[in-house]
Amino acid sequence: MSDDSTAGSDVEVLLEYLRRNRGFDFTGYKRTSLTRRIDKRMQAIGVPTYLDYVDYLEVVPEEFIHLFNTILINVTGFFRDPPAWEYLAEEILRDILVARGPAEPLRIWSAGCASGQEAYTLAMLCAELLGVEGFRERVKIYATDVDEEALNQARSARYSAKEVEGVPADLLQRYFERNGQGHFVFSKDLRRSVIFGRHDLIQDAPISRIDLLVCRNTLMYFNSEIQAHILSRFAFALREGGYLFLGKAEMLLAQSNLFSAVDLKRRVFRQVPQPGLRERLMALSEIGNASPRPQLPREERTRELALDAGREAQLVVDGAGYLVLANAKARSLFDLSTDDLGKLFQDLEVSYRPVELRSKIQQAYIDRQPSIVYGTEWPSGMGEVTHLEVQITPLIDGNQNLLGASVSFTDVTRSKRFQQELEHTNRELEDAYAELQSTNEELETTNEELQSTVEELETTNEELQSTNEELETMNEELQSMNDELHSTNEELRATTDEVGALNRFMAGVLGSFRVGVVVVDPDLRVLAWNDAAHDLWGIREDEARGQRLTSLDFGLPVAEVQPLLRRQVAGDGQPHETVDLDAVNRRGRSVRVRVTVSAFQQTPGEHGGAVLMMDAVED
């Protein structure tokens, strides 16, 4: 394949092609694991580059299925991690049922359900607590995934004997039927309450009014920004105080303001209520309208209007990362509208212009202390610049719960201008005082200088005569030095010719070798690197010379050669040592390379370095 930067841009072309043509958006997935899986599939069919793979998908549409199966993996199972499921049944589900009352429905969402084992595990647990009839009357389990093939398998509810090994024997007998082909089919009575559907956690709206949301080992495939986005949607999907059940690999540390840990070991979390968020958004959207919303208390609306009329621009971001308030000054200054309220703050331009606020808000959350950013500039039209002082203040209630952050922008343009004018005036005064002092000193010394001038003029004639004699002597010396320099130049030119001939000789010798030859000094810095080494590894001599061999990035495992080099440099080894190593050549292909290391001496009796001879050999 091509270099890393080109390969990185090419994989983005592939991901955009998948999103545009098949509706699968993998751009939020971690690039390391994603490219590793794509490369695995490309190697299986013998396609060398990502752009070639796009062409292959155009010609062979069936390849999409194999690619998605490779990327999505769909590793799941019944009662995976049994202690966690036991805790979920005994503590969480019972708590939900008690809180909901005897007749209220129970809504469960299995996000990233793959082939359905997790959703049917939830069905069995609920049936054990409610009975089959109670389960059918009260429970709805929504099982979603982006992989349509996995969803089709889940809808069939048919599993092999190996796939149901995790189901306890008594539950297997009660909730599965064995068909004539040796497979186990999940109970039809329970299956009607499990609803499968395609859902993209990144793009599609979340299911609402959920009591329990199960998403195990799915978030781990996304980067931190996308994880935060999905977790915000999960918090919206859950009822107040609803539960979130994650996998072992997921810690939820980044969204501690949306969820609190119920049992961190078993990865069970509970939604932290966000009081008044929806009402506040609705109230703010009505600010400035002719008729105020009657359901808002008079005092609260007064506070909102007072804040909106503030002279300083102010924004408020809630704990989920949404912009919930922007007063009139902020809307005017940053070209915001009431439609921007309720949007993710990170999606708005003001989150990074005029100053990068996202990281500073996160730092304020961590420190739980206000912070100030000085020297921020913002264009205000007509070529003028507004100077702003930005203060980020975390919003913490009486129970020390983190609710969000307030960002205020103070216009310090006038004080900045006064400060600059004051500094300019001070500099001018300092310059004037220095000039006055200098003038006084000059006047004081003028008399002394005039008196000494007469004496100096009297001695000038004598000095001129002496100078003429010295100049004649210097001319003779310069002529002698010129002759010496001419002789030295001739010697240097002869030496340069000899060195050039020697270098051409050495280059010819090294170039005649069919194997890669590298010469290093005692510090393992490259002294010579022949053409065969360039052909083998893709590194030119001018790129390698002077670099430490151990710091060069090429396909030879230098760490395995280093002990041989050290012995040869120290003079402790055999006259030469040979080792066969697995390597990757400049074309990215695996090769077997025979490396022979010998010592060489620049000065007789002293250790000068080592020579590596590298030759690709057949296995």
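See above for the structure.
All of these numbers come straight from a predicted model, not from anything done at the bench.

**Q** Honestly, the side chain of D521 in this entry has me stumped. Any pointers?
**A** Position of D521 relative to the elements: it lies in the loop between strand 16 (516-520) and strand 17 (526-529). No salt bridge is formed by the buried D521; its nearest oppositely charged neighbour, R525, is found at 5.2 Å. Aside from chain neighbours lying at most four places away, what touches D521 is L527, V569, G608 and G609.

**Q** Can you walk me through helix 14 (residues 358-367) in this structure?
**A** Two residues of an α-helix separated by three or four positions point the same way, owing to the 3.6 residues in each turn. Within helix 14 the residues assigned to the buried category are I361, A364 and Y365. The buried side chains of helix 14 occupy one side of the element, clustering within an arc of 100 degrees when seen end-on. Residues of helix 14 that are buried sit in contact with strand 11 (313-318), strand 14 (384-396) and strand 15 (402-411). Trailing helix 14 by a residue or two, R368 shows a phi angle of about 55 degrees, which is positive.

**Q** Quick question: what am I supposed to make of the packing of helix 2 (residues 31-45) against helix 3 (residues 50-59) here?
**A** Packed helix pairs are characterised by how far apart their axes lie and by the angle those axes make with each other. The N-to-C vectors of helix 2 and helix 3 enclose an angle of 65 degrees; their axes lie 11 Å apart at closest approach. Of the two possible hands of crossing, helix 2 and helix 3 adopt the one that is left-handed. Along the contact surface, helix 2 presents T35, I38, D39, R41, M42 and I45, while helix 3 presents Y50, Y53 and Y56. Of the residues assigned to the contact of helix 2 with helix 3, the class counts are six nonpolar, one polar and two charged.

**Q** Hey, could you run me through the side chain of R138 in this one?
**A** Here R138 lies in helix 6 (residues 117-138). Look at R138: it is buried, it has no salt bridge, and the nearest opposite charge is E104 at 6.7 Å.

**Q** Whenever I open this one, the sheet that holds strand 4 (residues 176-178) confuses me. Can you help?
**A** Note on sheets: strands pair through backbone hydrogen bonds, and any given pair is parallel or antiparallel. What the three strands build is an open sheet, ordered 3-5-4; its pairing is antiparallel. The sheet terminates laterally at strand 3 (158-159) and strand 4, the two strands that pair on one side only. Strand direction decides the pairing type here: strand 4 and strand 5 (residues 184-186), joined by three bridges, are antiparallel. Paired with R178 across the two strands is F184, which belongs to strand 5. Relative to the sheet, helix 6 contacts strand 3, strand 4 and strand 5, its axis offset from that of strand 5 by approximately 65 degrees.

**Q** Quick question: what am I supposed to make of the environment of R417 here?
**A** Among the structural elements, R417 can be located in helix 15 (residues 413-512). Between the C-alpha atom of R417 and that of H387, which follows or precedes it by 30 residues, the distance is 9.3 Å.

**Q** I'm lost on unusual backbone geometry in this one. Help?
**A** With glycine set apart, most residues show a phi of negative sign, and most peptide bonds adopt trans. For the bond from R353 to P354, the omega torsion is 15 degrees, close enough to zero to count as cis. Within the element layout of this structure, P354 appears in the loop between helix 13 (328-334) and helix 14. One non-glycine residue, F79, adopts positive backbone phi at about 50 degrees. One non-glycine residue, D335, adopts positive backbone phi at about 55 degrees. Within the fold, D335 resides in the loop between helix 13 and helix 14. Taking the relative accessible area as the measure of exposure, D335 reaches 71% and is therefore exposed.

What counts, and at which threshold
Residues numbered from 1 in each chain as written. Predicted model: local features only at pLDDT ≥ 70, side-chain atom pairs only at ≥ 80, totals over all residues. Heavy atoms only, no water. Helix = DSSP H or I, 4+ residues; strand = E, 2+ residues; numbered from the N terminus. Buried < 20%, exposed > 50% of the residue type's maximum accessible area, 1.4 Å probe, protein only. Lys, Arg positive; Asp, Glu negative; His and termini not counted. Salt bridge = Lys/Arg side-chain N within 4 Å of Asp/Glu carboxyl O. Contact = heavy atoms within 4.5 Å. Arc of directions from axis to C-beta. Axes fitted to C-alpha atoms, helices over the stretch in contact; angles between N-to-C directions. Left-handed = near helix turned anticlockwise from the far one by under 90°. Nonpolar A, V, L, I, M, F, W, Y, C, P; charged D, E, K, R; others polar. Pairing = 2+ DSSP bridges.

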